[in-house]
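Letter by letter, the chains look like this.
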Amino acid sequence: SAVISQKPSRDICQRGTSLTIQCQVDSQVTMMFWYRQQPGQSLTLIATANQGSEATYESGFVIDKFPISRPNLTFSTLTVSNMSPEDSSIYLCSVEGGRGVDEQFFGPGTRLTVL
Amino acid sequence: GQQLNQSPQSMFIQEGEDVSMNCTSSSIFNTWLWYKQEPGEGPVLLIALYKAGELTSNGRLTAQFGITRKDSFLNISASIPSDVGIYFCAGPDGSARQLTFGSGTQLTVLP
């Protein structure tokens, strides 16, 4: 399985500011995914990021709020814009395994607290 | 979209006991995945099931892909303290574009 790292591992931010989360993979992958995990909840997909194309956002998530970059096959960023306390969550990136979306491997997550 | 109903929501067991949790869906899944998430970490893939009726083991963990393709079970034998965490079932949705996750089972192992 791929080795995935995320930066920062955690952050405490003020309302109205933005935070960019980085996801780095040790091998080239076609599809990368960004998830949100609200406190005590399961994982919810924010968007799918393919290199060379615009990210595909799920219902309830918009590009203005969660802009994503995917400059190459090993790296992606997710920005949480104009943050409010409701954005306090763990943000996780994942990559497809050998069986595509049928098998995903996750990074360690970024724990975000918005005051 | 598809939904996965996972139970129980939480479990408190004594060290050494066996654990069983399950996941059901109203629609058919072609793949079932079981993940474990420890505090401060991302989910780690434990077992992947790709065929109805399949029974797969990973150490003390055993998972089964239900014959109806609408359910899956995860069993942990002889639990130990490091089994503590949240266990999630997951499967690709109908379009196979994304994974749907169950609500999770919080496992606590008492010494």
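Residues numbered from 1 in each chain as written. Chains lettered and ligands numbered in written order. Predicted model: local features only at pLDDT ≥ 70, side-chain atom pairs only at ≥ 80, totals over all residues. Heavy atoms only, no water.

Draft legend 1. Molecular detail of the overall build of chain A. Along its length, chain A carries zero helices and eleven strands. Taken over C-alpha atoms, the radius of gyration comes to 13 Å for chain A, in line with the 13 Å a tight globule of 115 residues would show. For chain A, the spread of C-alpha atoms along the three principal axes comes to 40 × 25 × 20 Å. When each of the 115 residues of chain A is scored for burial, the buried share is 52%. Taking the intrachain contacts of chain A between residues at least 6 apart in sequence as the baseline, contacts between residues at least 24 apart amount to 53%. Side-chain charges of chain A comprise 8 positive and 10 negative groups, with the mean position of each set lying 8 Å from the other. (Helix = DSSP H or I, 4+ residues; strand = E, 2+ residues; numbered from the N terminus. Rg over C-alpha atoms; globule rule 2.2 N^0.38 Å. Buried < 20%, exposed > 50% of the residue type's maximum accessible area, 1.4 Å probe, protein only. Contact = heavy atoms within 4.5 Å. Lys, Arg positive; Asp, Glu negative; His and termini not counted. Charge placed at Lys NZ, Arg CZ, Asp CG, Glu CD.)

Draft legend 2. Geometry of the interface of chain A and chain B. If you look at the interface, chain A gives 21 residues, while chain B gives 19 residues. The junction of chain A with chain B conceals about 1600 Å² of combined surface from both sides, 52% of it contributed by carbon and sulfur atoms. Counting across the interface, chain A meets chain B through zero salt bridges. Sort the elements by how many residues they give to the side of chain A that touches chain B and strand β10 (residues 100-106) of chain A lands first, with six residues. (Buried area = accessible area lost by both parts, 1.4 Å probe. Salt bridge = Lys/Arg side-chain N within 4 Å of Asp/Glu carboxyl O.)

Draft legend 3. Representation of the nonpolar core within the structure. The biggest cluster of nonpolar side chains holds 41 residues, and the ones touching the most others in it are Tyr35(A), Tyr35(B) and Phe101(B). If we skip the residues at most four places from it in the chain, Tyr35(B) touches Gln104(A), Phe106(A), Pro43(B), Val44(B), Leu45(B), Leu46(B), Ile86(B), Tyr87(B), Phe88(B), Ala90(B), Leu99(B) and Phe101(B). Ile13(B), Val19(B), Leu46(B) and Leu49(B) belong to the second-largest nonpolar core, a separate cluster that totals 21 residues. (Core = buried A, V, L, I, M, F, W, Y, C linked by side-chain atoms within 4.5 Å.)

Draft legend 4. Structural context of the pairing of strand β8 (residues 71-76) of chain B. All names here are of chain B. In this sheet, β8 lies alongside strand β3 (residues 19-25) in antiparallel orientation, the contact comprising six bridges. When the sheet's bridge partners are listed, Thr-24 is paired in β8 with Asp-71. As defined by bridge partners, strand β7 (residues 61-65) adjoins β8 across five bridges and the pair is classed as antiparallel. In the strand pairing of β8, Phe-65 is matched with Ser-72. (Pairing = 2+ DSSP bridges.)

Draft legend 5. Quick peek at the sheet that holds β3(B). Residues and elements named next belong to chain B. Here five strands make up an open sheet; going across it, the order is β1-β3-β8-β7-β6 and the pairing antiparallel. Each having just a single partner strand, β1 (4-7) and β6 (55-58) make up the two edges of the open sheet. The sheet shows a mean angle of 15° between the axes of neighbouring strands, direction not considered. (Axes fitted to C-alpha atoms, helices over the stretch in contact; angles between N-to-C directions.)

These figures capture arrangement, not role.
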